[in-house]
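Fold and contact review
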Amino acid sequence: MDSRKVLVIYTGGTIGMMLNSETSALEPFDFEHLYNHLPVLQNLNCKIESYSFDPLIDSSNMNPKFWIRLAEVIEDNYDDFDGFVVLHGTDTMAYSAGVLSFMLENLSKPVVFTGSQLPLGMIRSDGRENFITSIEIATAYENGNPLIPEVCVCFENRVFRGNRTSKVNAENFDAFISGNYPSLAEAGINIRYKRHFIRKASTEHLKVHKNLDEAVFILKLYPGINPAVTNAVFGIKGLKGIIMETYGSGNAPTDAWFLKALEEAVDRGILIVNVTQCKEGSVEIGKYQTSLDMGRLGIISGKDITTEAALAKLMYLFGRYNDRQKVAEMFGVSMVGEISE
Ligand code: ASP
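Figured I'd write up the structure that's included with this text. (Residues numbered from 1 in each chain as written. Predicted model: local features only at pLDDT ≥ 70, side-chain atom pairs only at ≥ 80, totals over all residues. Heavy atoms only, no water.)

Points about the environment of L19
In this fold, L19 is placed in strand 2 (residues 17–19). A residue is classified by how much of its surface remains accessible, and L19, at 48% relative accessible area, is partly exposed. Apart from residues lying up to four places away in sequence, L19 is in contact with S24, A25, L26 and G121. (Helix = DSSP H or I, 4+ residues; strand = E, 2+ residues; numbered from the N terminus. Buried < 20%, exposed > 50% of the residue type's maximum accessible area, 1.4 Å probe, protein only. Contact = heavy atoms within 4.5 Å.)

Some remarks on the sheet that holds strand 20 (residues 300–301)
Judged by pairing direction, the sheet is parallel, and its 4 strands sit side by side in the order 17-18-19-20 without closing on themselves. Because the sheet does not close on itself, it has two edges, and the strands there are strand 17 (216–220) and strand 20. Note: strand 18 (residues 241–246) against strand 19 (residues 271–276), 6 bridges, orientation parallel. Within the sheet, the bridge partner assigned to E245 lies in strand 19 and is V275. The strands touched by helix 8 (residues 307–320) are strand 17, strand 18 and strand 19; relative to strand 18, the strand with the most contacts, the crossing angle is about 165°. (Pairing = 2+ DSSP bridges. Axes fitted to C-alpha atoms, helices over the stretch in contact; angles between N-to-C directions.)

Focus on the sheet that holds strand 4 (residues 46–52)
The strand order across the open sheet built from 8 strands is 4-1-5-7-10-11-14-15, with neighbouring strands paired in mixed fashion. Sheet topology places strand 4 and strand 15 (191–193) at the edges, where each strand pairs with a single neighbour. Sheet twist, expressed as the average angle between the axes of neighbouring strands with direction ignored, equals 20°. By the bridge criterion, 4 bridges tie strand 10 (residues 151–155) to strand 11 (residues 158–161) in an arrangement that is antiparallel. Note that in strand 11 the partner of C152 across the bridge is R161. Taken strand by strand, helix 2 (residues 64–77) contacts strand 1 (4–10), strand 4, strand 5 (83–87) and strand 7 (111–114), and its axis lies near 160° from that of strand 1. Against the sheet, helix 3 (residues 93–103) engages strand 7 and strand 10, with an angle of about 155° to strand 10.

What to know about the site of the ligand
Around the ligand, the structure places G13, T14, D58, S59, G89, T90, D91 and S116. Within the contact set of the ligand, an oxygen atom lies 2.4 Å away from a side-chain nitrogen or oxygen of T90. Residue D91 places a side-chain N or O atom 2.8 Å away from a nitrogen atom belonging to the ligand. Protein burial of the ligand: of its 260 Å² of free accessible surface, 88% is covered by the chains. (Near = heavy atom within 4 Å. Polar contact = N/O pair within 3.5 Å; in protein donor to acceptor, adjacent residues only side chain to side chain. Areas by Shrake-Rupley, 256 points an atom, 1.4 Å probe, with all protein chains shown as cover.)

Written as structure tokens, this is what we have:
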């Protein structure tokens, strides 16, 4: 069997930094000479090619235009490779993996996001393991079928569904969690694939959606939120959707002014989605009296979706459908495994 081909797409971030021994400065990894820097890659039964963005970005500078370019790189190379590894800063990786999971409809090949907490070029770097495991995941096929034909995040020996992840640690190597969905694979001595939790490859042609609508906002509730803040947010010109991060199982203040502000916003056509600030568990409208009004006001339950995936999904849905009702209907159902049914 021919060896598999993987395209490594370098967007920037810590993982790609090497130490220049002459200047002692960290500088971007030279993927043209990948095998010279990481000769161990020759032992993997695959061919690696690379594509580097120019300029490379720290992922704190991530934006929808970049996501579209990233999706295009995958689209342009889709037929020529068996899998893709996206090297990406950790700060916004969960957002990027989330949005790509919606943009790449009918995916049938692995798209593996990875990064690291320490640059590749540092002795204790976690980047080397993350990179190598990601290449293995991107090229893992059985009987001609990819084992993880999903947009996923590979970090610190675990592979998660991309749209289920959140970055939760700025210090430790295990920086990501997938609070509401099990890992798809775990890498120990062997890589154990949890087939039962992995989506099936699509049999349709890849369709890349390149319209993302930025007219959305994330409103995190906090004790002390007041009418001035709320009205300023709901009054943003052209705003189409709000992801409202509520407490616990979807609870919010029951003050009359707050409920009135929500009601008026919904009446003006703003779609409000209720997601929880908790990293595990789900919104359950009506569990407490403090969430009862959410249902009555026509606020959509985000169920157990992450804030990152909710933002990605709203941008994608408003980019695709110019119809609030359609977006509202689609939001509540799982499209690519981002919500538990
Ligand atoms: N600030 C960096 C980034 O997200 C951190 C990292 O790479 O992990 O690009």
